[in-house]
Amino acid sequence: MWYNTLNMFKKILIANRGEIALRIIRTCKEMGIKTVAVYSTADRESLHVKFADEAVCIGPPSSKESYLNVSKIMAAVEITNADAIHPGYGFLSENADFADICTDYGIKFIGPTADMIRKMGDKITAKDTMIKAGVPVVPGSEGLVQDVKQGLNLAKQIGYPVILKATAGGGGKGMRIVWKDEEFEAAMNSAQQEAEASFANGGIYIEKFIEEPRHIEIQVIGDQYGNAAHLSERDCSIQRRHQKLVEESPSPFMTDELRERMGEAAVKACKYINYEGVGTVEFLVDKHGEFYFMEMNTRIQVEHTVTEEVIERDLIKEQILVAAGEAISGKNYYPQMHAIECRINAEDPFNDFRPSPGTVTSFHSSKGYGVRVDTHVYAGYTVSPYYDSMIAKLICRAHTREECILKMKRALDEFIVEGIKTTVPFHRQLMDDEKFKAGDFHTGFLDDFEIEKK
Ligand code: MV4
């Protein structure tokens, strides 16, 4: 056997679709593990269905009836005799009840335990846990804000501007920035309503609003024996309406000293909760280099590839190994190269990034030294309106950031997709932006970025 683990999985069911399902199948093959794909009727012609050892149709196109349909997925597990489930990202990947159901069935959920998912899913509980672990957090309310009166007092104490956040939130839903007393009540009411409507949980908390922060996240890994390590950072500040478009590692803002301190904080967080699996600790970093815990993602993320390219490790493999009970060495990993990822979405960047589903009539993916493309798309493939619009991840790697940007420009020039609109032209213009090239950006960068129509 290649691995020390006696209990290596024999067959993994991948409860996902698209590029991440393919990505997981590839690593399973390399590890000698059999794979089961599940698919909706919209994905019958998908590559994850073709490349898996077995495939089971789990329902109609709508996610609710297929990729989120727990009983269909568990039925597929039973008929194929899979011994583990890889949830990928999105869908059921951070669903604690699903992790519990897997455990009840005697199936390994490849990821952290249901308790850990629950703890990090509720933002106030997560923040409180981080305070106990000694990780810096944004100054703010202890627990939920009970009413407008208490909220107003807290806002005065903290000092404006403040931000209201939904405890069940993430991704910006139920979030309001408040600049003065007079705006507070209306903001609190609308945040509460939005949170209630989106999450059936109206719980709100308050924080000092950090202006023009960077979004820098630390990739972490923990095993079943309490060991944890960090795999350095990714800068994800280039976002639009809380959708990441570009990620890179190392962050152009990072210093060796700051990386040590942020890495240590992220590892402290993992050790405090005995975190098992791969995960990400997200921080806001202000212009002075002060960093504050924001959220923890308890799944593999879209942008894990950026870290893979700079530390030369297969994170899906690491994830499967720790899930099977392998111990990690506990040593941290540091960027040896520079990597940038551009998310190629089926969206029209000249038209407010409106979704652009449809049939891809021709598809030529970039190639060559230092270029990686993770995609499930091919000429003739139809991008469904039912799912996420991401059709490919274009990742470039070079020794320096400057060379990496030059390579990305070259790679974008040879990325040809016909039949649908994509974000390629947006990325191509971004790579020529002086501020981007200088590494001078924060999470508000795209608010002022104007795409030139040509
Ligand atoms: C903040 C913040 C400033 N100060 N919290 C956005 C999504 C949610 N996960 C948290 N978010 C923010 N929280 C404080 N105290 C600014 C943001 C924010 C943001 C954060 C990361 C990436 C993009 C962003 C875009 C707008 C606002």
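Cut-offs applied
- Residues numbered from 1 in each chain as written.
- Predicted model: local features only at pLDDT ≥ 70, side-chain atom pairs only at ≥ 80, totals over all residues.
- Heavy atoms only, no water.
- Axes fitted to C-alpha atoms, helices over the stretch in contact; angles between N-to-C directions.
- Helix = DSSP H or I, 4+ residues; strand = E, 2+ residues; numbered from the N terminus.
- Parallel < 35°, antiparallel > 145°, perpendicular 65-115°, else oblique.
- Contact = heavy atoms within 4.5 Å.
- Nonpolar A, V, L, I, M, F, W, Y, C, P; charged D, E, K, R; others polar.
- Pairing = 2+ DSSP bridges.
- Salt bridge = Lys/Arg side-chain N within 4 Å of Asp/Glu carboxyl O.
- Buried < 20%, exposed > 50% of the residue type's maximum accessible area, 1.4 Å probe, protein only.
- Arc of directions from axis to C-beta.
- Domains from an automatic or database assignment.

### Comments concerning the packing of helix α5 (residues 114-121) against helix α6 (residues 123-133)
Alright, step 1. It is the contact of α5 with α6, at a shortest axis distance of 5 Å, that shows an interaxial angle of 100°. Taken together, the axes of α5 and α6 lie roughly perpendicular to each other. Contact with α5, carried on its side by Lys 119, Met 120 and Gly 121, involves Lys 123, Thr 125, Ala 126, Thr 129 and Met 130 of α6 and no other residues of that element.
Alright, step 2. Broken down by class, the residue content of the contact of α5 with α6 amounts to 3 nonpolar, 3 polar and 2 charged.

### Examining the sheet that holds strand β3 (residues 54-59)
Alright, step 1. The sheet built from 5 strands is open, its strands ordered β3-β2-β1-β4-β5 with parallel pairing. The sheet is open, and its two borders are formed by β3 and β5 (108-109), each paired with just one other strand.
Alright, step 2. Of the strand pairs in this sheet, strand β1 (residues 11-14) and strand β4 (residues 84-86) are connected by 3 bridges, and their pairing is parallel. Looking at the pairing, Ile 14 lines up with His 86 of β4.

### Some points on the pattern of salt bridges
Alright, step 1. Scanning all chains against the criterion turns up 39 salt bridges.
Alright, step 2. Ionic pairing is found between Arg 343 and Glu 247, a salt bridge with its closest N-O pair at 2.7 Å. Taken together, the positions of Arg 343 in strand β14 (residues 338-345) and Glu 247 in strand β11 (residues 243-249) put the pair 96 residues apart, joining distant regions of the chain. Of the two residues, Arg 343 and Glu 247, both sit in the buried class.
Alright, step 3. One connected set of salt bridges, linked through shared partners, spans Arg 23, Glu 308, Glu 309, Glu 312, Asp 314, Arg 372, Asp 374 and Arg 397.

### Brief notes about the environment of Phe 445
Alright, step 1. Along the polypeptide, Phe 445 turns up in the segment after α14 (434-438).
Alright, step 2. Residues Phe 445 and Cys 57, 388 residues apart in the sequence, show an inter-C-alpha distance of 42 Å.

### Looking at helix α3 (residues 70-80)
Alright, step 1. Along α3, the positions that sit buried rather than exposed are Ile 73, Met 74, Ala 76, Val 77 and Thr 80. All buried residues of α3 lie within an arc of 150° about the axis, which places them on one face of the element. Exposed side of α3, more than 90 degrees from the buried face: Ser 71, Glu 78 and Ile 79 are the residues found there.
Alright, step 2. For α3, the elements touching its buried residues are β1, β2 (34-40), β3, β4 and α4 (96-105).
Alright, step 3. Downstream of α3 by a residue or two, Asn 81 has a phi angle that is positive, lying close to 65°.

### Describing the domain arrangement of the chain
Alright, step 1. With domains assigned, the chain is organised as domain 1 (5-110), domain 2 (139-208) and domain 3 (214-448).
Alright, step 2. Taking the mean C-alpha position of each, domain 1 and domain 2 sit 38 Å from one another.

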